[in-house]
Amino acid sequence: MAFKVTSDGQGEWSVLQVAGELDLVTSPMLRQRIHDVVAEGRHDLVLDLSEVFFCDSSGVGVLIAARRLIRSCQGRLRLILPAGGADGGTSRGSEGERGGGSHVNRVLGALGVRRLFDVYPDLAAAVDEEPLSA
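In this text, all values refer to a predicted model and were calculated from it rather than measured experimentally. (Residues numbered from 1 in each chain as written. Predicted model: local features only at pLDDT ≥ 70, side-chain atom pairs only at ≥ 80, totals over all residues. Heavy atoms only, no water.)

## Regarding the overall build of the protein
Moving on, step 1. Scanning the protein for helices and strands turns up four helices and five strands.
Moving on, step 2. Listing the helices and strands of the protein from first to last along the sequence gives β-β-α-β-α-β-α-β-α.
Moving on, step 3. Counting across all 134 residues of the protein, residues that qualify as buried make up 43%.
Moving on, step 4. Within the protein, contacts between residues at least 6 apart in sequence are counted, and of these 70% link residues at least 24 apart.
Moving on, step 5. For the protein, the exposed area adds up to about 7,100 Å²; of that, 51% sits on carbon and sulfur atoms. (Helix = DSSP H or I, 4+ residues; strand = E, 2+ residues; numbered from the N terminus. Buried < 20%, exposed > 50% of the residue type's maximum accessible area, 1.4 Å probe, protein only. Contact = heavy atoms within 4.5 Å. Areas by Shrake-Rupley, 256 points an atom, 1.4 Å probe, with all protein chains shown as cover.)

## Looking at the packing of helix α1 (residues 27–39) against helix α2 (residues 57–72)
Two measures define how a pair of helices packs: the angle their axes make with one another and the distance between the axes.
Moving on, step 1. Running from N to C, α1 and α2 cross one another at 10°; their axes reach a closest spacing of 9 Å. Classed by the angle they form, the pair α1 and α2 counts as roughly parallel. For the pair α1 and α2, the contacting residues are Ser27, Leu30, Arg31, Ile34, His35 and Val38 in the first and Ser58, Gly59, Gly61, Val62, Ala65, Ala66, Leu69 and Ile70 in the second. (Axes fitted to C-alpha atoms, helices over the stretch in contact; angles between N-to-C directions. Parallel < 35°, antiparallel > 145°, perpendicular 65-115°, else oblique.)

## A few points about α2
Moving on, step 1. With 16 residues, α2 should cover 22 Å at 1.5 Å per step; its first-to-last C-alpha distance of 22 Å lies within 8% of that length.
Moving on, step 2. Looking only at α2, the buried set comprises Ser58, Gly59, Val60, Val62, Leu63, Ala66, Leu69 and Ile70.
Moving on, step 3. Looking at the packing, one finds that the buried side of α2 touches β2 (13–22), α1, β3 (44–55), β4 (76–80) and α3 (103–111).
Moving on, step 4. Two residues or fewer after α2 comes Gln74, characterised by a positive phi angle close to 55°. (Expected span 1.5 Å × (residues − 1).)

## Some points on the side chain of Asp23
Moving on, step 1. By secondary structure assignment, the location of Asp23 is in the loop between β2 and α1.
Moving on, step 2. Once residues lying within four places of it in the same chain are set aside, the contact partners of Asp23 are Pro28, Phe54, Asp56 and Ser58.

## Notes on the pairing of strand β1 (residues 4–10)
Moving on, step 1. By the bridge criterion, seven bridges tie β1 to β2 in an arrangement that is antiparallel. Note that in β2 the partner of Ser7 across the bridge is Leu16. (Pairing = 2+ DSSP bridges.)

## A short note on the pattern of salt bridges
When charged atoms on two side chains of opposite charge get close, those side chains can pair.
Moving on, step 1. A complete count under the given rule lists two salt bridges for this structure.
Moving on, step 2. Taken together, the shared-partner salt bridges connect Glu12, Asp44 and Arg76 into one network. (Salt bridge = Lys/Arg side-chain N within 4 Å of Asp/Glu carboxyl O.)

Laid out in structure tokens, this is it:
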């Protein structure tokens, strides 16, 4: 699957749907798209990562940089990381990871940075103005 970033709008939210592998080669493309959205004056951003099936440290770096950029503009960043993930809930890793959710979710959790992000299971929940309960 080729890496792809498509954009959409949901009310006041800009939505970037990301698909494929988020790695050293592709992460600069996502970084540029995020900067383009902010340069347009849109500071409420949803990154739909439900179709990302691989993410390395450079991809995580883009997510952290996006968080920093959006916060500096007093905006909001929300990630869509569904329970099943892009691979249908199966893992390319060990059998012991059953039920671990999306690959990106597992990577963020393993690195201890998942708590930095507002994570939602789908687009409807991400653009809802009610805060996600803890």
